[in-house]
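Geometric and topological summary
So the chains spell out like this:
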Amino acid sequence: MSNAIFEDVAARPNRARSEGARDAIAARDRARVRVWLMVLMAMVVIQIMVGALTRITDSGLSIVEWRPVTGMIPPLTEQ
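Residues numbered from 1 in each chain as written. Predicted model: local features only at pLDDT ≥ 70, side-chain atom pairs only at ≥ 80, totals over all residues. Heavy atoms only, no water.

This part covers a nonpolar patch on the surface. Together, V33, V35, W36, L37, V39, L40 and M43 line one region of the surface with nonpolar side chains, adding up to about 660 Å² of accessible area. Mapped onto the secondary structure, V33 falls in helix α1 (residues 2-56). The class for V33 is partly exposed, based on a relative accessible area of 44%. (Patch = residues over 30% accessible without salt bridge, like charges linked within 9 Å, V, L, I, M, F, W, Y side chains within 5 Å. Areas by Shrake-Rupley, 256 points an atom, 1.4 Å probe, with all protein chains shown as cover. Salt bridge = Lys/Arg side-chain N within 4 Å of Asp/Glu carboxyl O. Helix = DSSP H or I, 4+ residues; strand = E, 2+ residues; numbered from the N terminus. Buried < 20%, exposed > 50% of the residue type's maximum accessible area, 1.4 Å probe, protein only.)

Following the sequence through the fold, T54 ends up in helix α1. Within polar-contact distance, the side chain of T54 engages the backbone oxygen of V50 at 2.8 Å. (Polar contact = N/O pair within 3.5 Å; in protein donor to acceptor, adjacent residues only side chain to side chain.)

What follows is the structure, given as structure tokens:
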């Protein structure tokens, strides 16, 4: 039973090295996720600005009337 205690203590320095490496990897991963989220946030802000500019300038699509179902269902009467 006393051997198990000493083995645990002897194995600790190796664990400390691997935990340090894990911390470095975790910090790098957090930095990557942070950059990814900031890029996504910037893209959303740009999209909102483009939409607002389109709305303010009253420009928009050239489609005046949009009927996505027209043409998919054949005419049922002669009219």
